[in-house]
Every structure is written in C-alpha cells, then in structure tokens.
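Breakdown of the fold
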Amino acid sequence: MSDPIDSVFAALADPTRRAIMTMLLEDDMAVTDVAEPFDMSLAAISKHLTILSRAGLIVQEKRGRVKWCKLQPDAMRAASVWMQGFGQFEPVNLDAFERFLEVELDSQATSDPTAD
C-alpha cells in the first residue's frame, strides 16, 4: 500500500490487531506476553505484529534475548486528522426530524382541501 493512511486502516481492520494495540497502550510488552491471551500460535501473532510494524503503529526491538513491542501512537495522527474531518457535521436527530415532517404534512393536509 502506497499511502500510509491506507496501511494504518488496513492494519486496524483486524480485531486481533486492535486488541494488541489496546494492550500496548498500557506499556511495552514482550512478544510472548502479547501472544498469551490469544488462542493462536506465536507465528500467527508474529504475522499480526509484522503488519502493525509495517504500518508504523508499533516498533519491535530486541532487548537481550527477548523481542519487545512498543506502541507508536503518532503513526495514527494522519488517520485521526482525516477522520476528524467527518466530525464537523452534527448528527441528525431522526426523532426531531420525524416530528417536523409530521407537523409539516399535517399542516399541508389541513390547508389543502383537495388532499383527500
């Protein structure tokens, strides 16, 4: 994927990878600790970690004999800014809109004698 935002969204599309990101919010973790709560092989977890690394969402570093994962929260900045653009619109209150339509339709029906 050529666009970094595409890579971020693709990486976050998987629930396992989102769970890993949530775990790493607390602190850096060894790969074996990341894998512990999941019912999958260490190789499968490593593939998820590779995807997160390629997207720039985490970094992996060797400390002694142990490989550690660290969250890179700034990697989501561009995606976050892009999503915030959609927050400028107020949510539509469908109940209020429905009441408005009922009043308008009722007033039109009572003012137009040929509406029956």
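Here the structure is a predicted model, which means the values were calculated and not measured. Every chain begins its residue count from 1, and numbering advances along the sequence as written. Totals for whole chains, interfaces and linings use every residue, but because this is a predicted model, local features are given only for residues with pLDDT of at least 70 and side-chain atom pairs only at 80 or more, for both listing and counting. Hydrogens and water molecules were not included; the side-chain quantities draw on all heavy atoms of the structure.

Some words on helix α2 (residues 15-26)
- Of the positions making up α2, those classed as buried are Thr-16, Arg-17, Ile-20, Met-21, Met-23 and Leu-24. Taken down its axis, α2 places every buried residue within 160° of arc, on the same side. Facing away from the buried surface of α2 by more than 90 degrees, the exposed residues are Pro-15, Leu-25 and Glu-26.
- Residues of α2 that are buried sit in contact with α1 (4-12), β1 (29-30), α3 (31-35), α4 (42-54), β2 (58-63) and β3 (66-71). The rule is simple: take the accessible area with a 1.4 Å probe, protein chains only, and divide by the maximum for that residue type; under 20% is buried, over 50% is exposed, in between is partly exposed. Helix and strand assignments follow DSSP, with helices taken as H or I runs no shorter than four residues and strands as E runs no shorter than two, numbered in order from the N terminus. This arc describes the spread of directions from the helix axis toward the C-beta atoms. We call two residues in contact whenever any of their non-hydrogen atoms come within 4.5 Å of each other.

With respect to the pairing of β3
- At least two bridges found by DSSP between two strands are what make those strands a pair. Inspection of the sheet shows β1 paired to β3 by two bridges, in the antiparallel sense. If you follow Ala-30 over to β3, its bridge partner there is Trp-68.
- Between β2 and β3, which follow one another and run antiparallel, lie two residues, and Gly-64 among them has a positive phi close to 70°.

Describing the environment of Met-76
- Looking at the secondary structure, you find Met-76 in the loop between β3 and α5 (77-84).
- Separated by 72 residues in the primary sequence, Met-76 and Pro-4 place their C-alpha atoms 9.4 Å from one another.
- Dropping the residues within four chain positions of it, Met-76 is found in contact with Val-8, Leu-12, Met-21 and Leu-57.

Here's the deal with the side chain of His-48
- Topologically, His-48 is positioned in helix α4.
- Not counting chain neighbours up to four residues away, the residues in contact with His-48 comprise Asp-14, Thr-16, Arg-17, Ile-20 and Met-40.

Section: the pattern of salt bridges
- A side-chain nitrogen of Lys or Arg and a carboxyl oxygen of Asp or Glu constitute a salt bridge if their distance falls within 4 Å. This model, assessed by the stated rule, comprises three salt bridges.
- In this structure, Asp-28 engages Arg-63 in a salt bridge whose closest nitrogen and oxygen atoms are separated by 2.9 Å. Taken together, the positions of Asp-28 in the loop between α2 and β1 and Arg-63 in strand β2 put the pair 35 residues apart, joining distant regions of the chain.
- Here Arg-63 falls in the partly exposed class, since its relative accessible area comes to 35%.
- Across the pair Arg-77 and Asp-74 runs a salt bridge, and its minimum N-O distance is 2.6 Å. Each member of the pair, Arg-77 as well as Asp-74, carries the same accessibility label: exposed.

A look at the sheet that holds β3
- Read from one edge to the other, the open sheet built from three strands follows the order β1-β3-β2, with strand pairing classed as antiparallel. Strands with a single pairing partner mark the edges of an open sheet, and in this sheet they are β1 and β2.
- A fitted line through C-alpha atoms represents every axis, and for helices the fit uses only the stretch in contact; the resulting angles, taken between N-to-C directions, go from 0 to 180 degrees. The strands touched by α4 are β2 and β3; relative to β2, the strand with the most contacts, the crossing angle is about 115°.

Some thoughts on the packing of α2 against α4
- Here α2 crosses α4 at 75°, and the two axes come no closer than 10 Å. In terms of axis orientation, α2 runs roughly perpendicular to α4. When α2 is examined against α4, the residues Thr-16, Arg-17, Ile-20 and Met-21 are found in contact with a partner set consisting of His-48, Leu-49, Ile-51 and Leu-52.
- Looking at the contact of α2 with α4 residue by residue, the class counts come to five nonpolar, two polar and one charged. Each angle gets one of four labels, with under 35 degrees taken as roughly parallel, over 145 as roughly antiparallel, 65 to 115 as roughly perpendicular, and the rest as oblique. Ten residues, namely Ala, Val, Leu, Ile, Met, Phe, Trp, Tyr, Cys and Pro, are considered nonpolar, four, namely Asp, Glu, Lys and Arg, are considered charged, and the remaining ones, Gly among them, are considered polar.

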